[in-house]
Amino acid sequence: PAEPGRPYRVVLLGASGVGKTAFASIFGGAADSMDSDDCELCEDETCEKTIEVDGEPATVTLLDTWDAETDGEWAQECYMQTGDAYLLLYSITDRASFLRASELRITLRRFRPAQHTPIILVGNKCDLVRRREVSVTEGRACAAVFDCKFIETSAAMQHNVWEAFHGIVRQLRLRRDSK
Ligand code: GDP
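Not measured: the values here are computed from a predicted model.

Asker: Quick one: what's the story with the sheet that holds strand β6 (residues 149-152), residue by residue and with numbers?
Answerer: The sheet built from six strands is open, its strands ordered β2-β3-β1-β4-β5-β6 with mixed pairing. Of all the strands in the sheet, the pair left with one neighbour each is β2 (46-53) and β6. Pairwise comparison of adjacent strand axes, ignoring direction, gives a mean angle of 25° for this sheet. Bridge count between strand β1 (residues 8-14) and strand β3 (residues 56-63): four bridges; the pairing is parallel.

What follows is the structure, encoded as structure tokens:
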């Protein structure tokens, strides 16, 4: 049975180089899909597909256009307004990207005041153990302050990436069910 309503729009945010493209290609191309083919709509850096989460299908449109450094204010505002949920990525090997994630969280709050928009703070590249600049404790503390969930991932090892996508769908469902 299909879920009611339009697909969930999930936006990837984060400094450049943190792994947004890697996340999008795992989402777009992976074996977790219920479709037999890979994602067919991977144009314009958006990708729509139906995945199974907790035994129920969920259709997700993933948006990966926004590069915080190169796109301007317009794109920023557009993405801050159109997403149903956000994966806020940083790289555990890059403290500047962690600070950037905090800034993005604050901007997001400005655009989505008083809305319980699901957000997961994602510390990517956790395979690069020896280059770690941001500890798990710091990541978790930051997520607590910002009132969002937290997960560490490795797109390179395909570790926890689907957990992040499934986590965001679970939060979207909780929000939908509480309405
Ligand atoms: P974007 O700018 O946020 O889209 O970042 P990309 O997805 O293009 O990734 C930037 C670089 O980091 C690329 O060379 C990726 O191969 C690499 N990368 C992305 N995720 C990981 C990861 O989890 N571990 C490692 N070791 N490298 C990664």
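Next, the rest of the story.
Asker: Describe in detail the packing of helix α3 (residues 95-111) against helix α4 (residues 136-145), supporting the description with residues and values.
Answerer: Axis separation between α3 and α4 bottoms out at 11 Å; the angle between their running directions is 10°. When the axes of α3 and α4 are compared, the pair comes out roughly parallel. Facing Arg95, Phe98 and Ser102 of α3, the residues of α4 in contact are Glu138, Gly139 and Cys142. Within the contact of α3 with α4, the residues separate by chemical class into two nonpolar, two polar and two charged.

Asker: Can you tell me about the pairing of strand β4 (residues 85-91), naming the residues and giving the values?
Answerer: By the criterion of burial, β4 is predominantly enclosed, with seven of the seven residues buried. Because side chains alternate across β4, one face comprises the buried residues Ala85, Leu87, Leu89 and Ser91, and the other comprises Tyr86, Leu88 and Tyr90, equally buried. Where β1 lies against β4, five bridges are found, and the strand directions are parallel. Its bridge partner lying in β4, Val10 is registered against Ala85. Here six bridges tie β4 to strand β5 (residues 119-124), and the two strands are oriented parallel to one another. Opposite Ser91, over in β5, you have Asn124 as the bridge partner.

About the thresholds
- Residue positions are counted from 1 within each chain, in the order its sequence is given.
- The predicted nature of this model means local features are confined to residues of pLDDT at least 70 and side-chain atom pairs, given and counted, to a pLDDT of 80 or more, with totals for whole chains, interfaces and linings taken over all residues.
- Side-chain numbers come from the whole structure's heavy atoms, not from hydrogens or water.
- Only strands that DSSP links by at least two bridges are regarded as paired with each other.
- Helix numbers and strand numbers start at the N terminus; a helix is a DSSP run of H or I with at least 4 residues, a strand a run of E with at least 2.
- Lines fitted to C-alpha atoms define the axes, with helix axes restricted to the stretch in contact, and inter-axis angles between N-to-C directions lie between 0 and 180 degrees.
- Note on angle classes: values under 35 degrees are labelled roughly parallel, values over 145 roughly antiparallel, values of 65 to 115 roughly perpendicular, and the remainder oblique.
- Residues count as neighbours in contact if any of their non-hydrogen atoms are within 4.5 Å of one another.
- Following the grouping adopted for this structure description, the nonpolar residues are Ala, Val, Leu, Ile, Met, Phe, Trp, Tyr, Cys and Pro, the charged ones are Asp, Glu, Lys and Arg, and the polar ones are all others, Gly among them.
- In this scheme, a residue with accessible area under 20% of its type's maximum is buried, one over 50% is exposed, and one in between is partly exposed, where area comes from a 1.4 Å probe on protein chains only.

All quantities given are derived from atomic positions and should not be read as evidence of function.
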